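Spelled out, the chains give:
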Amino acid sequence: MKLDVEVLRYLSKDDFRVLTAVEMGMRNHEIVPAELIDRIASLKHGGTYKVLKNLLKHKLVHHDSSKYDGFRLTYLGYDFLAIKTLVNRGVISSVGRKLGTGKESDIYEVASEDGTVLAMKLHRLGRVSFRAVKSKRDYLRHRSSFNWLYLSRLAALKEFAFMKALEEHGFPVPNAVDCNRHCVIMSLVQGYPLVQVKELQNPETIFETVLGVIVRLAEHGLIHCDFNEFNIMIDDDEKVTVIDFPQMVSVSHRNAQMYFDRDVECIFKFFQKRFNLSFQVSTDDNEGSDADTDETGWPSFSSISKSSGFLDKELAASGFSRKDQEDIEKFIEEDIDDTDSDREESEDKQFVESTEANVKGLSSLHLEEQEEQTSNSDEDGVEVKQRSCEAGQ
Ligand code: ADP
Ligand code: MG
């Protein structure tokens, strides 16, 4: 299944109207009854069913008639809605090659109207942890509206808000450009994930920089929670950029110490193994008794968190609300005990397959003008799966 953005050009206003109607219906229905789609879309000249057939042909919706005649968006359908909105806003004008496939995202090269190449991250919550998402439905039973669209949208919103705030506070993160639905547009990092780097000119310097970021984050009231060699990018000049923020938590989180220690440990272990760095562990009682440092001489979490905490509060006041954060953290907490490494594949294969994307070349997207319809879901409850540092080892 390809993310064939060419198809976008051939989709009419009605196609998008009906696709948006399916999206709206999914606020309250996992499978949206065909009649409801027809009612929401209220096409001037009718023909919703014909349009749905066309959307089905392009795998933008999935047909389900097990309980009633209904449809739901596929990831591809959701991708198209987000891409079209961003094109209409003038943020991007073409989609290029795939840069990476994360566990719960796909990253593409995109270009803006002036030719600047950017990165587009499409969140795919539930792709790997679909089982986990399903198990959370108990928790969300009171809301029939829970679905992967909402989870992915919330993850993107969080990532965008955090990236922007971190950038404003001078952290080495990509420039957060825009966000719509499950899609985040950011600057392209000209580098490689640290996991792919076999040699460094200055491993000690990089190590200190990277660990310094963890400490500075905590001083600002935040913990990355997935700080590892997959989420640290290094360019040819050995400049560090940190990516991937949907799982960040505040230092006031009750498991903060554990998350912080895990991030630090990941970095120590990786640099030890990959670059043979050795760390002097202080055994001197006098030196080691300094409560502000741990046995390796790095500031301890307790000393940092004492003096920290404003960015987490600032973020709570931004587009990503305290309620959103609380919801996400609830799920992170539950997932931390979910150590089952052999994560089940999605039970709904087609659901996953529809997301398999393969973009050929750069294709410009000159789309018909269409009024922007945003999907402001008001559902409660989300899940962001915790990615532990062990994940890639
Ligand atoms: P996930 O949350 O799925 O792990 P990431 O944000 O870590 O997604 O991105 C997955 C991969 O995509 C990264 O390892 C990296 O190779 C690539 N990538 C992500 N963001 C960028 C970017 N801004 N510029 C260049 N490559 C990126
Ligand atoms: Mg990642």
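Now for a quick tour of the structure. Bear in mind that the values here come from a model prediction, so they are computed numbers and not experimental data. (Residues numbered from 1 in each chain as written. Chains lettered and ligands numbered in written order. Predicted model: local features only at pLDDT ≥ 70, side-chain atom pairs only at ≥ 80, totals over all residues. Heavy atoms only, no water.)

**Here's the deal with helix 8 (residues 203-219)**
Condition: The helix and strand labels rest on DSSP assignments: H or I over at least four residues marks a helix, E over at least two residues marks a strand, and numbering proceeds from the N terminus. A helix is expected to reach a length of 1.5 Å times the quantity of its residues less one. Working definition: with a 1.4 Å probe on protein chains only, accessible area under 20% of the residue-type maximum means buried, over 50% means exposed, and in between means partly exposed.
Helix length check: helix 8 (17 residues) gives 24 Å between terminal C-alpha atoms against 24 Å at 1.5 Å per residue, within 8%. Residues of helix 8 that are buried include every one of Pro203, Ile206, Phe207, Val210, Leu211, Val213, Ile214, Val215, Leu217 and Ala218, and no others. Glycine 221 sits one or two positions beyond helix 8 and adopts a positive phi of about 100°.

**A short note on the coordination of the magnesium ion (ligand 2)**
Which entries qualify depends on this criterion: For Na, K and Ca the donor cut-off is 3.2 Å, and for all other metals it is 2.8 Å, counting N, O and S atoms only; because water is absent from this set, sites may look incomplete.
Looking at the magnesium ion (ligand 2), the protein donor atoms are Asn231 (OD1) and Asp244 (OD), and they sit 2.1 Å from it. Here asparagine 231 is found in the loop between strand 10 (222-223) and strand 11 (232-234), whereas its partner aspartate 244 is found in the loop between strand 12 (240-242) and strand 13 (249-250), with 13 residues between them in sequence. Here the two residues asparagine 231 and aspartate 244 agree in accessibility, since each one is buried.

**Side note on the nonpolar core**
What counts is decided by this rule: To define a nonpolar core, start from buried Ala, Val, Leu, Ile, Met, Phe, Trp, Tyr and Cys residues and group those joined through side-chain atoms within 4.5 Å. We call two residues in contact when some of their heavy atoms are within 4.5 Å.
The biggest cluster of nonpolar side chains holds 58 residues, and the ones touching the most others in it are Leu166, Leu194, Ile223, Ile267 and Phe271. Those residues within four positions of isoleucine 267 in sequence are excluded, and the remaining contacts are Phe207, Val210, Leu211, Ile214, Phe227, Asn228 and Ile232. Within the second largest apolar cluster, 44 residues are counted, among which are Tyr75, Val87, Val95 and Leu118.

**A few points about the sheet that holds strand 9 (residues 192-193)**
The condition that has to hold: Each pair of strands is called paired provided DSSP finds at least two bridges between the two strands. Here an angle of 0 to 180 degrees is reported between the N-to-C directions of two axes, which are lines fitted to C-alpha atoms, with helices fitted over the stretch in contact.
Strand order in the open sheet made by the three strands is 9-11-12, with antiparallel pairing throughout. On the outer flanks of this sheet lie strand 9 and strand 12, each paired with one strand and no other. When strand 9 meets strand 11, the two strands line up antiparallel, connected through two bridges. Directly across from proline 193, in strand 11, lies its bridge partner methionine 233. Sitting on the sheet, helix 8 is in contact with strand 11 and strand 12, with an inclination near 30° to strand 12.

**Comments concerning the site of ligand 1**
What counts here: We define proximity as follows: a residue is near a molecule or strand when any one of its heavy atoms falls within 4 Å of that partner. Residues adjacent in sequence count toward polar contacts only when both atoms are side-chain atoms; beyond that, a polar contact is any pair of N or O atoms within 3.5 Å, and within protein one must be able to donate a hydrogen and the other to accept it. Calculation of accessible area relied on Shrake-Rupley with a 1.4 Å probe; when residues are assessed, cover is drawn exclusively from the protein chains displayed. Three classes are used, and their members are as follows: Ala, Val, Leu, Ile, Met, Phe, Trp, Tyr, Cys and Pro are nonpolar, Asp, Glu, Lys and Arg are charged, and the others, Gly among them, are polar.
Every one of the 19 residues lining ligand 1 counts as a neighbour, but Ser105, Lys121, Val189, Asn231 and Asp244 are closest to it. Interatomic distance of 2.7 Å between a side-chain N/O atom of lysine 121 and an oxygen atom of ligand 1. Valine 189 has a polar backbone atom sitting 2.8 Å from a nitrogen atom of ligand 1. Here ligand 1 loses 90% of its free accessible area of 550 Å² to cover by the protein chains. Considering only residue class, the shell around ligand 1 consists of nine nonpolar, five polar and five charged.

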